[in-house]
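So you can see what is in the structure, the chains are spelled out below.
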There are 2 protein chains.
Amino acid sequence: MSESVPSISEEFIEEAAATGPVCLSDESIKEIIDALHDEEENSHLLLVNSLNIPDTAELLSKIPAEDRKALIKNRRVKIDPQAYSYLDDDLKKSTLCLLSPSRVAGIISELDSDDALDLIENLDEEFQQEIIRKLSAKMRVAIEEGLTFPEESAGRLMQREYVAVPQFWTVGKTIDYLRAAANDLPSEFYDLIIIDPTYHVIGEIPLNRILRSKRQQKIEELTLDDLHTIPAEMDQEEVALIFRREGLNSAPVVDAENRLIGVITVDDILDVIDEEAQEDILKLAGVESDFYRAILSTTGSRFRWLFVNLITAIVASIVISFFDATIEQVVALAILMPIVASMGGNAGTQALTVAVRALATKELSSTNAVRIIGKETIVGFLNGVGFAVIMGVIAALWFQNETLGAVIAGAMVINLFVAGLAGVAIPVFLDKIGSDPALSSTVLLTTITDIVGFFAFLGLASIFLI
Amino acid sequence: MSESVPSISEEFIEEAAATGPVCLSDESIKEIIDALHDEEENSHLLLVNSLNIPDTAELLSKIPAEDRKALIKNRRVKIDPQAYSYLDDDLKKSTLCLLSPSRVAGIISELDSDDALDLIENLDEEFQQEIIRKLSAKMRVAIEEGLTFPEESAGRLMQREYVAVPQFWTVGKTIDYLRAAANDLPSEFYDLIIIDPTYHVIGEIPLNRILRSKRQQKIEELTLDDLHTIPAEMDQEEVALIFRREGLNSAPVVDAENRLIGVITVDDILDVIDEEAQEDILKLAGVESDFYRAILSTTGSRFRWLFVNLITAIVASIVISFFDATIEQVVALAILMPIVASMGGNAGTQALTVAVRALATKELSSTNAVRIIGKETIVGFLNGVGFAVIMGVIAALWFQNETLGAVIAGAMVINLFVAGLAGVAIPVFLDKIGSDPALSSTVLLTTITDIVGFFAFLGLASIFLI
């Protein structure tokens, strides 16, 4: 066996280099899990130490919980502190809880202030305090101040490490300063922030403008006009909209007195955009981000939403029960009624999804709300007419009953018209009253399309068929 | 009236500055629309010329189609060419079609090559060719080459303007070069690309590393080890994953011979991440990005998806029709059956949505697929048991029939178990066979949960109730 060890590890490292940045191969993960379970082959575990940070994070994310515990507790395995900040929120919490407060404090001390805050903010209060007590004074202040900002605000997102220079400097003096301070500067920065002596932000200069300018050029002459300072309290979704809209690479964050306290960079914004879009997808389906959660906690959080759905389904059933005598006489109604409800639900969901996204990106606002509601209602009506013809003919032929065909056609037009109208009006209304349109639109919509669908179909049937 | 003109325009400009970057106020948009409709107040229109680029794009996006046409055709209104590249794809196409090929060519000539390509790529072939003929030779070559790359690939996303320096230079020589070439450089750049004499990429250096280094420092000593070159054919979704995973700010794009042909910057990636997440949300709801489309084209594209849904609804109805005799005897079955189907559909959608997102971010792969399928099936089963108890009791009390309660309880367990399993197995399977899991998962899932729900409930009823 001793011969094969070096060959496997070389192969492994080569492979990790060849498969490149996008994915740690499933085979490599399997090899590491096997090594974890095999006392004798423990040396293979050291391969973990040769992984880069994103690969280490991927490994931690994809292996079962027990293996993850064994891996981070293993003394021979060194996991880069930065790898923890790549993990999903649930996973961060459950992984860090396995470690001692002083080990977590050690990990946090190696990170930039924004990553440190991100790691600690979701932990239980008591554990959090134990960790904070073990940090250096500087990091402790940074974390404690950071925690005073609202969750998902610019203050939580920003890093405290930035490069600011006064407006009266020249390009030459700035470059000399950067060279002299090289080791004290943040590891990465994209813009210089220009401040006055009281730390008020005057402007920003992208680094390429410094590099292409002569040494004697004055800093204030290079400063960009359109300044985008971000208040620390601003919600991260709004910050992301500003970055996208203005094509920013970084932006200074200011406190209530308009003084510079940090900087947000575009790499944080990539995560925010992804998170917010993800949140909307999940909310529309009535589910939280529970991919990394344990079975019981996942079951519990999904139960709540399904319970709301059960109540609306029962309400729809009560509507059906009003017509039990009619159904007893014409059993075809029971066979066809789910079609009307289902088509309404789907047509409404189409309109609703487009509207929820347009509200999130602010493309839909009071200027065009009436026009868009009008458009969706017409689209619903037109498709209602189309499917009325199709389903009317099918029902009439299927049950040899033209009146039944006419009844389902009428119900289809009514339900798809209402679905188009409700699909866009519900999220617009929820947004207007300050409620999150992604969260409760779906359940309100299906309640309406179920009730209207069953009521229209069975109601028309009880008038014209009996 | 003459007195009020300057006051309104000043107020307007102040307001535009004060409301800041996030939104052009709805009132300002209304003022501009009014000015468009009012011959005498035409001077207010000039306010448009004082808007910045994102605000101009927002204005164009939010006003009705006729007003948009009137605005861009108005000779006194100057719209910045860059504003067009901020528009949604549908809107870009319908707006540019209103202009003459030579005016579009004029707009395109003012843009960077990536924005130019983005503007022209969706136009009709004939119109596209007319425009290309009117472009300068340099831009023509850039566009024609760009169009040879697959849609949504790195080649379409990249800009051809980049800053590359040879590895044997020093920091001092590089800065001297940047100062001398200042006017020929791209308007923004974040990294220097290091190349050998045959244009093969050796590495990248973030600008801050140049600024903090001494003049005599050799460029090759500053070059970062972990190089991420992007093949021009790579799909944009994969490019975005690499940028996020590695925290890149820009990356060089290479051709099949590995030679540098362009650069992708993080601002392009913001759009890609947003687009791809948006696409998944919309596909799950069976709808295309049609917010800016006309009514008839919107109706048509939604019709197709609803038609597929109609077929699956009819299949579910056929299942119900097998049990028409049973329903005729116990009409309570017709009243309760939508509940079973609806709960299955919702529970399945929860599992499905989480799985589709995890596949898109590559968090779900063959390493953990079996584990996640197992988890979702158990979650479905557990919630099935929970709702079986609740709904069993409700049904037994409602219809004074304990056997009916037991029947709906049994059907609920079966349908939620299947929903959990199918909710994750369907997208995993579609992904495995190379099909897009977001596109057809929903319709496959609801077909299964409807059929299983109706079959289990009515089937158990026909055995135990009759």
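All residue numbers refer to positions counted from 1 along the written sequence of the respective chain. To read the labels, note that chains go from A and ligands from 1, taken in the order they are written. Reporting of local features is limited, given that this is a predicted model, to residues whose pLDDT is at least 70; pairs of side-chain atoms are given and counted only at 80 or more, and all residues count toward the totals for whole chains, interfaces and linings. Only hydrogens and water are set aside; all other atoms, that is, all heavy atoms of the structure, feed into the side-chain values.

1. Digging into the interface of chain A and chain B
Here is step 1 of the chain: Between chain A and chain B, the contact holds 121 residues from the first and 122 residues from the second.
Here is step 2 of the chain: Summed over both partners, buried area is the accessible surface (1.4 Å probe) that two parts give up on being assembled. For the pairing of chain A and chain B, the buried interface totals around 11,300 Å² over both sides, and the portion due to carbon and sulfur atoms is 64%.
Here is step 3 of the chain: With a closest N to O distance of 2.6 Å, R244(B) and D274(A) form a salt bridge.
Here is step 4 of the chain: N or O atoms closer than or at 3.5 Å make up a polar contact, with two conditions inside protein: a donor-capable atom paired with an acceptor-capable one, and, for residues adjacent in sequence, both atoms drawn from side chains. Between the two partners, chain A and chain B, sit 52 residue pairs in polar contact (both at pLDDT 80 or more).
Here is step 5 of the chain: Each residue belonging to the side of chain A that touches chain B can be placed in one class, and the counts come to 70 nonpolar, 23 polar and 28 charged. Two residues qualify as a contact provided that any one of their heavy atoms is within 4.5 Å of a heavy atom in the partner residue. Take a side-chain nitrogen of Lys or Arg and a carboxyl oxygen of Asp or Glu: if they are within 4 Å of each other, that pair is a salt bridge. Gly is placed with the polar residues, together with every amino acid not listed as nonpolar (Ala, Val, Leu, Ile, Met, Phe, Trp, Tyr, Cys and Pro) or charged (Asp, Glu, Lys and Arg).

2. Here's the deal with the relation of the copies chain A and chain B
Here is step 1 of the chain: When chain A is fitted to chain B, the residual RMSD is 0.1 Å, and the transformation amounts to a turn of 180° plus an axial shift of 0.0 Å. Expressed as an axis order, the relation between the two copies is that of a two-fold axis.
Here is step 2 of the chain: When the interface residues of chain A are mapped onto chain B, 100% of them are again interface residues, pointing to one common binding face. The copies are overlaid by a least-squares fit using only the C-alpha atoms of residues whose pLDDT is at least 70 in both copies.

3. Considering the sheet that holds strand β5 (residues 250–254) of chain A
Residues and elements named next belong to chain A.
Here is step 1 of the chain: We treat two strands as partners when DSSP finds at least two bridges between them. Numbering of helices and strands runs from the N terminus; a helix is a DSSP stretch of H or I covering at least four residues, while a strand is a stretch of E covering at least two. A sheet is described by the order of its strands in space; here three strands give the open sequence β4-β5-β6, paired in mixed fashion. Lying at the two open borders of the sheet, with one neighbouring strand each, are β4 (230–231) and β6 (260–265).
Here is step 2 of the chain: For β5 and β6, the ladder comprises five bridges, and the chain directions are antiparallel. Within β6, the position partnered with V253 by the bridge is G262.

4. Topic: the pattern of salt bridges
Oppositely charged side chains can pair when the atoms bearing their charge come close.
Here is step 1 of the chain: In this structure the tally under the stated criterion is 48 salt bridges over all chains.
Here is step 2 of the chain: Here R304(B) makes a salt bridge to E288(B), at a shortest N to O gap of 3.9 Å. Linking R304(B) in helix α17 (residues 295–321) with E288(B) in the loop between α16 (266–284) and α17, this pair joins segments that are 16 residues apart in sequence.
Here is step 3 of the chain: With a 1.4 Å probe rolled over the protein chains alone, any residue whose accessible area is under 20% of its type maximum counts as buried; one over 50% counts as exposed, and the rest are partly exposed. Overall, the relative accessible area of 54% leaves R304(B) in the exposed class.
Here is step 4 of the chain: One salt-bridge network, in which partners are shared between bridges, spans D55(A), E58(A), K62(A), R245(B) and E246(B).

5. A closer look at the sheet that holds strand β5 (residues 250–254) of chain B
All names here are of chain B.
Here is step 1 of the chain: Pairing is mixed across the open sheet formed by three strands, whose spatial order is β4-β5-β6. On the outer flanks of this sheet lie β4 (230–231) and β6 (260–265), each paired with one strand and no other.
Here is step 2 of the chain: Those strands touched by helix α15 (residues 236–246) are β4, β5 and β6, and its axis lies near 65° from that of β6. Orientation is described by axes fitted as lines to C-alpha atoms, over the contacting stretch for helices, and by angles from 0 to 180 degrees between their N-to-C directions.

6. Let's talk about the packing of helix α17 (residues 295–321) of chain A against helix α19 (residues 332–360) of chain B
Here is step 1 of the chain: Two numbers describe how α17(A) lies on α19(B): the axes approach to 9 Å, and their chain directions differ by 155°. Judged by the inter-axis angle, α17(A) sits roughly antiparallel to α19(B). Here α17(A) runs over α19(B); the crossing is right-handed. Each of R302(A), W305(A), L306(A), N309(A), L310(A), A313(A), I314(A), S317(A), I320(A) and S321(A) in α17(A) lies in contact with α19(B), whose residues at this interface are A334(B), I335(B), L336(B), P338(B), I339(B), S342(B), M343(B), N346(B), A347(B), Q350(B), A351(B) and V354(B).
Here is step 2 of the chain: Its residues placed into classes, the contact of α17(A) with α19(B) shows 15 nonpolar, six polar and one charged. Throughout this description, any angle smaller than 35 degrees is read as roughly parallel, any larger than 145 degrees as roughly antiparallel, any in the 65 to 115 degree range as roughly perpendicular, and the remainder as oblique. Left-handed describes a crossing whose near helix is turned anticlockwise from the far helix through less than a right angle; right-handed describes the clockwise counterpart.

7. Thoughts on the domain arrangement of chain A
Here is step 1 of the chain: Splitting chain A by domain gives domain 1 (4–152), domain 2 (164–266) and domain 3 (295–464).
Here is step 2 of the chain: An automatic or database domain assignment is the source of the domain bounds shown. For domain 2 of chain A versus domain 3 of chain A, the separation of C-alpha centres amounts to 52 Å.

8. Some points on the packing of aromatic side chains
The way to describe two aromatic rings as a pair is by their centre distance and the angle between their planes.
Here is step 1 of the chain: In summary, the pairing rule links any two rings of Phe, Tyr or Trp, Trp by its six-membered ring, whose centres are within 6.5 Å, and it sorts them by plane angle into stacked for under 30 degrees, edge-to-face for over 60 and tilted for everything else. Summed over all chains, the structure comprises 14 aromatic pairs over all chains.
Here is step 2 of the chain: Measuring from centroid to centroid gives 6.2 Å for F303(A) and F307(A), while their planes differ by 20°, and the two rings are stacked. With F303(A) and F307(A) both in helix α17 and four residues apart, the pair spans about one turn of that helix.
Here is step 3 of the chain: An angle of 80° between the planes, with centres 5.7 Å apart, marks the rings of F323(B) and F455(B) as edge-to-face.

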